[in-house]
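What the coordinates show
Here is how the chains run, residue by residue.
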Amino acid sequence: MRAKQVIRSKEAHVLYLGDWVFHVGPTFIETPFGTETKDADLHFYGERLTEALEQQADVTPLANWEIYRLQPGCLEDYLKASNCLIISDVEAKCFHLYPSFFDRARRENRIVTFPDRLKVIKEWIHGGGGMMMLGGWLSFSGVQGRSGWGRSSLKEALPVECLLIEDLVESSEGFTAEVIEPEHPAIKGLAWDMFPPIFGYNEVKEKTEGQVLVRVKETGDPLVVAGEYGSGRVFTYMSDPAPHWGINFELWESYDAFWLQALNWVKKKG
């Protein structure tokens, strides 16, 4: 897959990776000899976040399978046109395993390697880019530890330490927020007293180089952490910007302002 042409009409441009799902079904079993699958749906869970960001930025969304299929050099082109990168609900291995590695018809009798796309992202941040990593079942460590960010080369740029086991913390009662640094520009002036219950988050460990801005009130775990890497900035929100964890979060009166302030903070230094 080649890079799509990025047309900029606003000062900020966001490359938004993840938060897509392809849903197949329902599936009906009426006989022991077969099944019938009826209907399929491609859905972008990041619509609400994109709507908020588009008040100030152009947004280019890519699904996990599009990231996986990017040809060498395409990610670099996207990053050159962007001053903010969002990674949300994406496994680290989507950046590593090029389909060409597995195409037997294209194999040749020579040694082949590809650019390390996570190293590309890390160097882009170090040079002044701004990144947000957002929570979900495929973020940080993720479900059954499959997301793998704590084992990736990008872990050095994150202001939090990922667990090496499953990190999902969930409750149907929901979790609320406790503000630790109310004057930080990424979260200042928001309606934190009206923050709605979120149904889950990714548990992470604190780093000395990360600044915890908001904690989960019920557990004390970090919820919002900001940090710097080289000349760039990294903002982490350990819950989901979208359903299902964030189904109430999307209704928060400060939802738009939260993401716009986070965007302005991560891109300001670069």
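Everything in this summary refers to the structure shown in the same document. Here the structure is a predicted model, which means the values were calculated and not measured.

A short note on the overall build of the protein chain
- Within the protein chain, the regular secondary structure consists of 5 helices and 16 strands.
- Oriented by its inertia axes, the alpha-carbon framework of the protein chain measures out at about 60 × 50 × 40 Å.
- Counting over 270 residues, the protein chain shows a buried share of 50%.
- When contacts within the protein chain are restricted to residue pairs at least 6 apart in sequence, those whose partners lie at least 24 apart make up 72%.
- A total accessible area of about 13,400 Å² is found for the protein chain, and carbon and sulfur atoms account for 50% of it.
- Considering the protein chain, the positive charge centre built from 28 side chains and the negative charge centre built from 39 side chains are found 9 Å apart.

A closer look at the sheet that holds strand S6 (residues 57-62)
- Read across the open sheet, the 8 strands follow the order S6-S1-S7-S8-S16-S15-S14-S11; overall the sheet is mixed. Because the sheet does not close on itself, it has two edges, and the strands there are S6 and strand S11 (177-179). Ignoring which end each strand starts from, the neighbouring axes of this sheet average 20 degrees apart.
- As paired elements, S11 and strand S14 (residues 210-216) share 3 bridges and run antiparallel to each other. Among the inter-strand pairings, Glu 178 is bridged to a residue of S14, identified as Arg 215.
- In the packing of helix H5 (residues 255-268) onto the sheet, the strands contacted are strand S1 (12-18), S6, strand S7 (84-88), strand S8 (130-134), strand S15 (222-229) and strand S16 (232-237), and the crossing angle to S16 comes to about 155 degrees.

Concerning helix H4 (residues 117-126)
- With 7 of 10 residues buried, H4 is to be regarded as a mostly interior element.
- Listed as buried for H4 are Arg 117, Leu 118, Val 120, Ile 121, Lys 122, Trp 124 and Ile 125.
- Buried residues along H4 sit in contact with helix H2 (64-69), helix H3 (74-80), S7, S8, S15 and S16.
- The N-cap residue of H4 is Asp 116: its side-chain oxygen and the backbone nitrogen of Leu 118 are 3.0 Å apart.
- Of the residues trailing H4, Gly 128 is marked for its positive phi of about 125 degrees.

Here we look at the environment of Leu 85
- Within the secondary structure layout, Leu 85 lies in strand S7.
- Each C-alpha atom, one on Leu 85 and one on Met 238, is 16 Å from the other, the two residues being 153 residues apart in sequence.
- Among all residues touching Leu 85, those that are not within four sequence positions of it are Leu 15, Leu 17, Leu 79, Ile 121, Trp 124, Gly 130, Met 131 and Met 132.

What about the pattern of salt bridges?
- Under the counting rule described, the total for this entry stands at 7 salt bridges.
- Here Asp 256 makes a salt bridge to Arg 48, at a shortest N to O gap of 2.8 Å. Here Arg 48 lies in helix H1 (residues 47-53) and Asp 256 lies in helix H5, a separation of 208 residues in the sequence.
- Assessed through its relative accessible area of 22%, Asp 256 is described here as partly exposed.
- With a shortest N-O distance of 4.0 Å, Glu 91 and Arg 146 are connected by a salt bridge. Taken together, the residues Glu 91 in the loop between S7 and H4 and Arg 146 in the loop between S8 and strand S9 (160-162) connect sequence positions 55 residues apart.

Overview of H5
- Here H5 spans 20 Å end to end across 14 residues, near enough to the 20 Å set by a 1.5 Å rise per residue.
- Taken residue by residue, H5 has Tyr 255, Phe 258, Trp 259, Leu 260, Ala 262, Leu 263, Trp 265 and Val 266 as its buried positions.

A look at the pairing of S8
- Of all 5 residues that make up S8, 5 are buried, and the element is covered over most of its length.
- Examined bridge by bridge, S7 and S8 share 5 bridges and lie parallel to one another. For Ser 88, the partnering residue across the bridge sits in S8 and is Leu 134.
- Taking the sense of rotation as the criterion, the β-α-β connection linking S7, H4 and S8 turns out right-handed.

Section: the side chain of Ser 239
- Relative to the helices and strands, Ser 239 is located in the loop between S16 and H5.
- Residue Ser 239 is classed as buried on the basis of its relative accessible area, which comes to 0%.
- The contact partners of Ser 239, leaving out residues within four places of it in the chain, are Leu 134, Gly 135, Ile 198, Gly 200, Tyr 201, Leu 223 and Trp 245.

A few points about the state of the cysteines
- According to the stated counting rule, one finds 0 disulfides in the structure shown.
- Unpaired in terms of disulfides, Cys 74 finds its nearest cysteine sulfur in Cys 94, a separation of 16 Å.
- For Cys 84, which is in no disulfide, the shortest distance to another cysteine sulfur is to Cys 162 and amounts to 18 Å.

Some words on unusual backbone geometry
- Of note, the bond from Gly 25 into Pro 26 is cis; its omega dihedral lies within 30 degrees of zero at 15 degrees.
- Examined against the element boundaries, Pro 26 turns out to sit in the loop between strand S2 (20-24) and strand S3 (27-31).
- Cis geometry is adopted by the peptide bond preceding His 244, which originates at Pro 243 and carries an omega value of 10 degrees.
- Secondary-structure assignment places His 244 in the loop between S16 and H5.
- Of note in the backbone geometry, Asp 89 takes a positive phi value of approximately 60 degrees without being a glycine.
- Structurally, Asp 89 is set in the loop between S7 and H4.

Reading guide: rules and limits
Residues numbered from 1 in each chain as written. Predicted model: local features only at pLDDT ≥ 70, side-chain atom pairs only at ≥ 80, totals over all residues. Heavy atoms only, no water. Helix = DSSP H or I, 4+ residues; strand = E, 2+ residues; numbered from the N terminus. Buried < 20%, exposed > 50% of the residue type's maximum accessible area, 1.4 Å probe, protein only. Contact = heavy atoms within 4.5 Å. Areas by Shrake-Rupley, 256 points an atom, 1.4 Å probe, with all protein chains shown as cover. Lys, Arg positive; Asp, Glu negative; His and termini not counted. Charge placed at Lys NZ, Arg CZ, Asp CG, Glu CD. Pairing = 2+ DSSP bridges. Axes fitted to C-alpha atoms, helices over the stretch in contact; angles between N-to-C directions. Polar contact = N/O pair within 3.5 Å; in protein donor to acceptor, adjacent residues only side chain to side chain. Salt bridge = Lys/Arg side-chain N within 4 Å of Asp/Glu carboxyl O. Expected span 1.5 Å × (residues − 1). Right-handed = clockwise from strand over helix to strand, strands pointing away. Disulfide = S-S within 2.5 Å.

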